[in-house]
Amino acid sequence: MDRNDSHTMEALVKRSALLGLTTLAVLLAASAFAGSTPAASRMILRASDLPPGFRVVRSETGLETNDDLVRENGAALAPKLRRWGRVTGYRAFYRQRDPARGALPGVIGFGAAVSLFRTASGAHAALAAPGGGCRHRDFTLIGLGGNRPVGPDTLVCTRGLKVRRGRLRFFLVQWRNGRAAGAVYVLTAEGAVTPLAALTGARKQNRRMTAQLSNG
């Protein structure tokens, strides 16, 4: 996998909102309430949770407020965010320095996020919303393959993508932990890894989510 294909994958991820993946955009975020509430930025999967050779992509990492999402996706999203009670968010993306010869050959990178909602029912409603994230028509829901769910409302899905030098694949895991909703995805050359790669990252992030929610 060369650098051009890597940048192509990152561009496709940025374009996800334009494909109508509004729920994915909502979930690929993490943040904090004010005061003693849990710090969602500390719930996120970190580069240190991944094999050696992954670095943070600053342009794809940072705070993502409700206003940001409305600007990116249109005013129709605003009432949904209010109905779900989403507060704010943060997202992160980690790209492998050497996708061809790195610790996970063929993997372009991992994305991770957490969104905090006012209630657990709001987080559930965001995950259950039709037409977004794993429920979008461009994605195919797949089973857990005998693996245990990451948390309530766990969804696993995939999408194939064509690039100049072949085919790439996108595995996404979404789940809920109380009033927080998490998402981890992996961008990879076709056949390089299985959904287990995304599930493993999701479990590591979920442990961070649990620790922060317990403190809040």
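Draft legend 1. Just the state of the cysteines, in detail. In total, this model carries one disulfide according to the counting rule given. Residue Cys134 pairs covalently with Cys157 via a disulfide, S to S 2.1 Å. Every disulfide takes its handedness from the sign of the S-S torsion; for Cys134 and Cys157 that torsion is -75 degrees, giving left-handed. Separated by 23 residues along the polypeptide, Cys134 in the loop between helix H5 (120–128) and strand S5 (140–141) and Cys157 in strand S6 (residues 155–163) bring together distant segments of the chain. Residue classification places Cys157 among the buried residues on the basis of a relative accessible area of 0%.

Draft legend 2. Region of interest: the packing of aromatic side chains. Across all of its chains, the model carries four aromatic pairs by this definition. When the centroid spacing of 5.6 Å and the interplanar angle of 70 degrees are considered together, the rings of Phe54 and Phe110 count as edge-to-face. Placement of Phe54 in strand S1 (residues 54–56) and of Phe110 in strand S4 (residues 107–117) is noted, with a sequence separation of 56 residues between them. When the centroid spacing of 5.3 Å and the interplanar angle of 70 degrees are considered together, the rings of Phe139 and Phe170 count as edge-to-face. Remark: Phe170 occurs in strand S7 (residues 166–177) and Phe139 occurs in the loop between H5 and S5; sequence separation between them is 31 residues.

Draft legend 3. Spatial organisation of the packing of helix H3 (residues 66–73) against helix H4 (residues 77–84). Put simply, H3 and H4 touch, their axes get as near as 9 Å, and they point 150 degrees apart. Between H3 and H4, the interaxial angle falls into the category roughly antiparallel. Between H3 and H4 lies a crossing whose hand is right-handed. Within the contact between the two elements, H3 uses Asn66, Leu69, Val70 and Asn73 and H4 uses Leu77, Ala78 and Leu81. Classifying every residue of the contact of H3 with H4 gives five nonpolar, two polar and no charged.

Draft legend 4. Seen up close, the confidence of the model for the protein chain. For the protein chain, mean pLDDT is 85; residues scoring 70 or higher make up 82% of the total. S1 holds the highest mean pLDDT among the elements of the protein chain, 97, whereas helix H2 (residues 22–27) holds the lowest, 45. Low pLDDT, under 50, characterises residues 12–23; the stretch is placed with 24 contacts to residues that sit more than four places away or in other chains. This model gives residues 25–36 a pLDDT under 50, and the stretch forms 62 contacts once residues within four places in sequence are excluded.

Parameters at a glance
Residues numbered from 1 in each chain as written. Predicted model: local features only at pLDDT ≥ 70, side-chain atom pairs only at ≥ 80, totals over all residues. Heavy atoms only, no water. Disulfide = S-S within 2.5 Å. Helix = DSSP H or I, 4+ residues; strand = E, 2+ residues; numbered from the N terminus. Buried < 20%, exposed > 50% of the residue type's maximum accessible area, 1.4 Å probe, protein only. Phe/Tyr/Trp six-rings, centres within 6.5 Å; stacked < 30°, edge-to-face > 60°. Axes fitted to C-alpha atoms, helices over the stretch in contact; angles between N-to-C directions. Parallel < 35°, antiparallel > 145°, perpendicular 65-115°, else oblique. Left-handed = near helix turned anticlockwise from the far one by under 90°. Contact = heavy atoms within 4.5 Å. Nonpolar A, V, L, I, M, F, W, Y, C, P; charged D, E, K, R; others polar. pLDDT = per-residue confidence, 0-100.

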